Amino acid sequence: MKIDVNSDMGEGFGVYQLCDDAALMQVVSSANIACGFHAGDPDIMTRMVRLAKQHGVGIGAHPGLPDRQGFGRKELPFSADQLCQQVVYQLGALSAIARAEGVKVAHVSFHAAMGNMINRDAALAQQVMQAIARIDPQLIIFSQPDTFVEQAAKACGLPTLTIFLADRAYDARGQLVPRGIAGSVIKEESAVRARVRQFLLHGTVTTCEGQLLPVRARSILIHSDTPGSVELASMVRSEIEANGGMVAPASEVVAS
């Protein structure tokens, strides 16, 4: 089975860098590139696109809210149309940079609070997906399974790829445990390996309450701001390959 390994990347600004993007780009198969609002800038975006092209990594837009101080994790009171246009603006910026470098954006993965706002509102999700489909109906939409984002993307004819988060805890409802709560971010090598192996072999994850939860996904996300993200991504890739899987970009996974 082909499995995508993706990570949010280019989430620095100017001289500031969140992680070793160059090293991480050699491990992942898809890169969700920050588009200048919650993080990133034209120089960083261009560097990420060039690195992705060099290593054969799928290029994705990672739009977020204009909240640099809060790293895009604070919800802001935008109207549905305003939020929709922010997605269009950021996707357009990265698409132009990618085109100038001879490649194209293949997928979209929403960041933090923006994703939460879209996922909570079926009408908003539909509006955003309609806008994305008008730009490029072949763009793959990353989402967690059984969400408004996934449903709206399918309704608009957009291909989807559902994700499993190897470094974040889930609750019994299948929701991510909020950051700030003890155990919400999983950092230990043995724990990450065990979770990935369980997902690959059994299609489940053990929730923070100790229950087994089915997970329908073909892509594994590693957050670049998780401490040791390069090592975590390497672990995930090695577990996939050790269990008979093949790591491939989102476009190849969706096509398989």
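Everything that follows concerns the structure shown earlier in this document.
Here is what the cut-offs are and how they apply
Residues numbered from 1 in each chain as written. Predicted model: local features only at pLDDT ≥ 70, side-chain atom pairs only at ≥ 80, totals over all residues. Heavy atoms only, no water. Helix = DSSP H or I, 4+ residues; strand = E, 2+ residues; numbered from the N terminus. Expected span 1.5 Å × (residues − 1). Buried < 20%, exposed > 50% of the residue type's maximum accessible area, 1.4 Å probe, protein only. Contact = heavy atoms within 4.5 Å. Polar contact = N/O pair within 3.5 Å; in protein donor to acceptor, adjacent residues only side chain to side chain. Axes fitted to C-alpha atoms, helices over the stretch in contact; angles between N-to-C directions. Parallel < 35°, antiparallel > 145°, perpendicular 65-115°, else oblique. Left-handed = near helix turned anticlockwise from the far one by under 90°. Nonpolar A, V, L, I, M, F, W, Y, C, P; charged D, E, K, R; others polar. Salt bridge = Lys/Arg side-chain N within 4 Å of Asp/Glu carboxyl O.

## Focus on helix H2 (residues 42–55)
For H2, which comprises 14 residues, the first-to-last C-alpha distance of 20 Å matches the rise-based estimate of 20 Å (1.5 Å per residue) to within 8%. For H2, the set of buried residues is Ile 44, Met 45, Thr 46, Met 48, Val 49, Leu 51 and Ala 52. Buried residues in H2 make contact with strand E1 (2–9), helix H1 (21–25), strand E2 (30–34), strand E3 (58–62) and helix H3 (80–100). Between the side-chain oxygen at the start of H2 and the backbone nitrogen of Asp 43 there is a gap of 3.1 Å, and the oxygen is on Asp 41. Gly 56 sits one or two positions beyond H2 and adopts a positive phi of about 70°.

## As for the packing of helix H5 (residues 122–135) against helix H6 (residues 148–155)
Viewed as axis vectors pointing N to C, H5 and H6 meet at an angle of 45°, and their least axial separation amounts to 8 Å. Put simply, H5 runs oblique to H6. Judged by the sense of rotation from one axis to the other, the crossing of H5 with H6 is right-handed. Seen from H5, the contacting residues are Ala 122, Ala 125, Gln 126 and Met 129; seen from H6, they are Phe 148, Val 149, Ala 152, Ala 153 and Ala 155. The residue inventory of the contact of H5 with H6, partitioned by class, reads 8 nonpolar, 1 polar and no charged.

## Examining the pattern of salt bridges
Evaluation of the coordinates by the stated rule reveals 14 salt bridges. Between Glu 150 and Lys 154 there is a salt bridge; the shortest N-O distance is 3.4 Å. Of this pair, Glu 150 and Lys 154 both sit in helix H6, 4 residues apart, which is roughly one turn of that helix. Taken together, the shared-partner salt bridges in this structure form one network comprising Asp 146, Glu 150, Lys 154 and Arg 216.

## Looking at the packing of H3 against helix H4 (residues 112–119)
Where H3 meets H4, the closest approach of the two axes is 12 Å, and the angle between their N-to-C directions is 130°. Compared by their axis directions, H3 and H4 come out oblique. As for how H3 packs across H4, the hand of that crossing is left-handed. Contacts between H3 and H4 involve Leu 83, Gln 86, Val 87 and Gln 90 from the former and Met 114, Met 117 and Ile 118 from the latter. Residues that form the contact of H3 with H4 fall into these classes: 5 nonpolar, 2 polar and no charged.

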